[in-house]
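One letter stands for each residue in the lines below.
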Amino acid sequence: QVALEESGGGLVQAGGSLRLSCVGSGRTFRRYSVGWFRQAPGKEREFVAVITWINDRTVIADPVKGRFTISRDNAKNTVWLTMDNLKPEDTAVYYCAYQTSGADLYPNPAYYGYWGQGTQVTVSS
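Residues numbered from 1 in each chain as written. Predicted model: local features only at pLDDT ≥ 70, side-chain atom pairs only at ≥ 80, totals over all residues. Heavy atoms only, no water.

**Some words on the pattern of salt bridges**
To keep it simple, the criterion reads: Here, a salt bridge means any Lys or Arg side-chain nitrogen found within 4 Å of an Asp or Glu carboxyl oxygen. Buried means the residue's accessible area, taken with a 1.4 Å probe over protein chains only, is under 20% of the maximum for its type, while exposed means over 50%, and partly exposed covers the values in between.
What the rule picks out here adds up to five salt bridges. In this structure, Glu46 engages Arg38 in a salt bridge whose closest nitrogen and oxygen atoms are separated by 2.8 Å. A residue is classified by how much of its surface remains accessible, and Arg38, at 7% relative accessible area, is buried. Each member of the salt-bridge network shares a partner with another, and the members are Arg38, Glu46, Arg67 and Asp90.

And the structure:
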C-alpha cells in the first residue's frame, strides 16, 4: 500500500522560510515523480513544483519560481520543498503526491494517484 506523509508546515512571518518534507512508503518511491500542490480556502488546488523520477528534473511554478526549490533523496524516500521569502499569498494547505500517469502533464492534479493528508502553511504579514 502506498502512503505519503507531509510535515514541516507552520506559522511564519512574511520573508521567512520553511522546509516541507514528504515521506513515501514502499520500495517503489524512486519510480515516481513527486509533486507539491497547494490549496487556499475557496481556491482550486494549484501546482507548485515537481521532481521527476528520471534524472531528478525539477519544474517550479511561476508564482514561486526563485523562492521555492524541490529536491529528493530516494534512499530516505523523502522529497523536500524548501520555501524562502514567503509571502502571505503562499498561505495554503500543501500536499505532496505521486504522479501515476500523464507523462509531462505534471501540473494537472488529475494525474496524481496518491496524496498525502496535507500540511498547513500560514504566512503572516
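**Quick word on the packing of aromatic side chains**
Rule in force here: What counts as a ring pair is set by centres within 6.5 Å for rings of Phe, Tyr and Trp (its six-membered ring), and what kind of pair is set by the plane angle: stacked under 30 degrees, edge-to-face over 60, tilted for all other angles. Counting from the N terminus, the helices are the DSSP runs of H or I reaching at least four residues and the strands are the DSSP runs of E reaching at least two. Lysine and arginine charges are scored as sitting over a ring when NZ or CZ, respectively, is within 6 Å of the ring centre and within 35 degrees of the ring normal.
Throughout the structure, instances matching the rule amount to 10 aromatic pairs. Between the aromatic rings of Phe37 and Tyr112, the centroid separation amounts to 4.8 Å while the plane-to-plane angle is 80 degrees, which identifies the pairing as edge-to-face. You can see Phe37 sitting in strand S4 (residues 33-39) and its partner Tyr112 sitting in strand S10 (residues 112-115), a full 75 residues away along the chain. Tyr112 carries the same exposure label as Phe37, and that label is buried. Note on Phe37: relative accessible area 0%, which makes it buried. Put simply, the rings of Phe37, Phe47, Tyr95, Tyr106, Tyr112 and Trp115 pair up and form one aromatic cluster. Here the guanidinium or amino end of Arg45 rests over the ring plane of Tyr95, the centre of that ring lying 3.9 Å away. A cation over a ring is seen here: Arg45 above Trp115, with NZ or CZ 4.7 Å from the ring centre.

**What about the pairing of S4?**
Basically, it comes down to this: Here, any two strands with at least 2 DSSP bridges between them count as paired.
The element S4 is extensively covered by neighbouring structure, given that six of its seven residues are classed as buried. The pairing of S4 with strand S9 (residues 92-99) spans seven bridges and is classified as antiparallel. Residue pairing across strands places Phe37 opposite Tyr95, the latter belonging to S9. Bridge count for S4 against strand S5 (residues 46-51) is five bridges, and the pairing is antiparallel. Pairing of Trp36 across the sheet is with Ala49, part of S5. Hairpin connection of S4 to S5: six residues between the antiparallel strands, including Gly42 at a positive phi of 80 degrees.

**Section: the sheet that holds strand S7 (residues 68-73)**
Filter applied, for reference: Helix axes use the C-alpha atoms of the stretch in contact, all axes being lines fitted to C-alpha atoms, and the angles between their N-to-C directions lie in the range 0 to 180 degrees.
Read from one edge to the other, the open sheet built from four strands follows the order S1-S3-S8-S7, with strand pairing classed as antiparallel. Either end of the sheet is taken by a strand with one partner, and the two such strands are strand S1 (4-7) and S7. Each strand of the sheet is rotated relative to its neighbour by a mean of 15 degrees, with strand direction disregarded. With six bridges joining them, S7 and strand S8 (residues 78-83) adopt antiparallel strand pairing. Bridge pairing links Ser71 to Trp80 in S8.

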